[in-house]
Amino acid sequence: MFEKSTWIRLPRNVVVGHGVRDEVLDVIDDLHLQGRPLFVTSPTPREVAADPIAADFEAAGIEPAIVTIEKATFEAVEQVIEVAEAEDVSYLVGIGGGKAIDIAKLASHHLEMGFLSVPTAASHDGIVSNRGSVPDGDSRHSVAAEPPLAVVADTGILAEAPWELTTAGCADIISNYTAVMDWRLAQRLKDVEYSEYAAALSEMTAEILVDNADLIRPGLEESAWIVTKALMSSGVAMSIAGSSRPASGAEHLFSHQLDRLAPEAALHGHQVGVGSILTAYLHQGEDGIWWDIRDALSSIDAPTTADDLGIDDETVIEALTTCHEIRDRYTILGDGMNERAARDVATKTGVIE
Ligand SMILES: NC(=O)C1=CN([C@@H]2O[C@H](COP(=O)(O)OP(=O)(O)OC[C@H]3O[C@@H](n4cnc5c(N)ncnc54)[C@H](O)[C@@H]3O)[C@@H](O)[C@H]2O)C=CC1
Ligand SMILES: O=C(CO)COP(=O)(O)O
Ligand SMILES: [Zn+2]
């Protein structure tokens, strides 16, 4: 008997375009959300978007509570939950980069409240996804959560954000190539659950982005549009899969370990991009796709070396040899690389000197 079943949870409204920041209240109406919201944001996104959106709410007679977080930690999730309970709010709005959105996502899941995702940077593909990514001691959890009820992505704001945030989003998408290779490998070797639809969507998203790399240039709102659509599509792939597997393989383990060894040194997307060069080489060797990944990253000004990341070579080697321990996720790294092998791949790909 066939007894398989699945829930694919996706946002109801996805609003993307110039000036849509002004449409948050319309989206709230459309979703029939009542009561007071809690805005979860971080310092710069607060100025750029949260305060102006709060002013719109106040003009409509609704006074939002606002909490500003600095880091994506479980303590920050607790803090948001406490404020939500104390302020008697009915739904949450995550306004900012990946960290603010992840914290809002996880807190709303715990509170059993809906949330809206209002990205201020096209820097990561968690804008739409149903996962929250949070470091915890020596490990990194990809926590199941609810996807946003709606996404409001204002391409005017995204295009004005620092250019490196957009190139980080591109690199997070380009890394889908190796994430899917790892997923297929894990399916073959460990029989992990695999979705051909999610894998194909994830790969296609990376391909479309790379094919349009010429149109991705600083200050161009069309670039923000192209990158944001790719980030959404990648997030949908994660929701279809019910896991971050389509967008997170060994290159993400490498990045998560760098976050521990060299905190705040580089952006998530930039780290996974460099990780993807390394793991593509591990999958396919000298003549493989790693050249294309490196060229694609370089064509959009994303880092391709440890030096570009502002991380020293030895830290890269340490991350490569230890990152398989971060999470129980089978990848090309298997049970870990030894130091000589790590040095070899990092040197041959030009990631270290
Ligand atoms: N849940 C998921 O499926 C996913 C989660 N992530 C997580 O997202 C995080 C990475 O996201 P990022 O956005 O790179 O980091 P982030 O949230 O720390 O943002 C990077 C910086 O950009 C600033 N910023 C945001 N918008 C800005 C604007 N318009 N102008 C000026 N500065 C602005 C932020 O305040 C922050 O200082 C990581 O924690 C990663 O694990 C990444 C991908 C998927
Ligand atoms: O960053 C992600 C996809 O781009 C997902 O993060 P995790 O590796 O924490 O699942
Ligand atoms: Zn990522």
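Residues numbered from 1 in each chain as written. Chains lettered and ligands numbered in written order. Predicted model: local features only at pLDDT ≥ 70, side-chain atom pairs only at ≥ 80, totals over all residues. Heavy atoms only, no water.

As recorded in an unreviewed UniProt entry, the protein goes by the name Glycerol-1-phosphate dehydrogenase [NAD(P)+], listed as coming from Natrinema soli. Listed under Sequence similarities (unreviewed entry) in UniProt, the entry text for the protein is "Belongs to the glycerol-1-phosphate dehydrogenase family." For the protein, the Subcellular location (unreviewed entry) comment in UniProt is given as "Cytoplasm". (UniProt positions renumbered as here; feature names shortened; annotations may be inferred.)

**Q** What exactly am I supposed to notice about the side chain of Glu 251 here?
**A** By the element assignment, Glu 251 lies in helix H10 (residues 250-261). Of the side chains with opposite charge, Arg 329 lies nearest to the buried Glu 251, which makes no salt bridge, at 7.3 Å. A polar contact is formed between the side chain of Glu 251 and the backbone nitrogen of Ala 179, at a distance of 3.5 Å. In contact with Glu 251, other than residues within four places in its own chain, are Ser 175, Thr 178, Ala 179, Asp 182, Val 272, Gly 275, Ser 276 and Thr 279. (Helix = DSSP H or I, 4+ residues; strand = E, 2+ residues; numbered from the N terminus. Buried < 20%, exposed > 50% of the residue type's maximum accessible area, 1.4 Å probe, protein only. Lys, Arg positive; Asp, Glu negative; His and termini not counted. Salt bridge = Lys/Arg side-chain N within 4 Å of Asp/Glu carboxyl O. Polar contact = N/O pair within 3.5 Å; in protein donor to acceptor, adjacent residues only side chain to side chain. Contact = heavy atoms within 4.5 Å.)

**Q** Honestly, the coordination of the zinc ion (ligand 3) in this entry has me stumped. Any pointers?
**A** Angles between donor atoms at a metal ideally measure 109.5 degrees for a four-coordinate tetrahedral arrangement and either 90 or 180 degrees for a six-coordinate octahedral one. Protein coordination at the zinc ion (ligand 3) comes from Asp 172 (OD), His 252 (NE2) and His 268 (NE2), with a distance range of 2.1 to 2.2 Å. Summarised as a motif, the one-chain spacing of the donors to the zinc ion (ligand 3) is D-x79-H-x15-H. Residue Asp 172 is found in helix H6 (residues 163-174), and its partner His 268 is found in helix H11 (residues 268-284); the two are separated by 96 residues along the sequence. Assessed through its relative accessible area of 1%, Asp 172 is described here as buried. (Donors = N, O, S within 2.8 Å, 3.2 Å for Na, K, Ca; no water.)

**Q** Just checking my understanding: could you explain the packing of aromatic side chains for this structure?
**A** Geometrically, a pair of aromatic rings is defined through the distance of the ring centres and the angle of the planes. Taken as a whole and judged by the stated rule, the model has four aromatic pairs. Clustering of aromatic rings is evident, with ring pairs tying together Tyr 281, Trp 290 and Trp 291. For the cation-ring pair, Lys 190 lies above Tyr 330, with the distance from its terminal atom to the ring centre recorded as 5.0 Å. (Phe/Tyr/Trp six-rings, centres within 6.5 Å; stacked < 30°, edge-to-face > 60°. Lys NZ or Arg CZ within 6 Å of the ring centre and 35° of its normal.)

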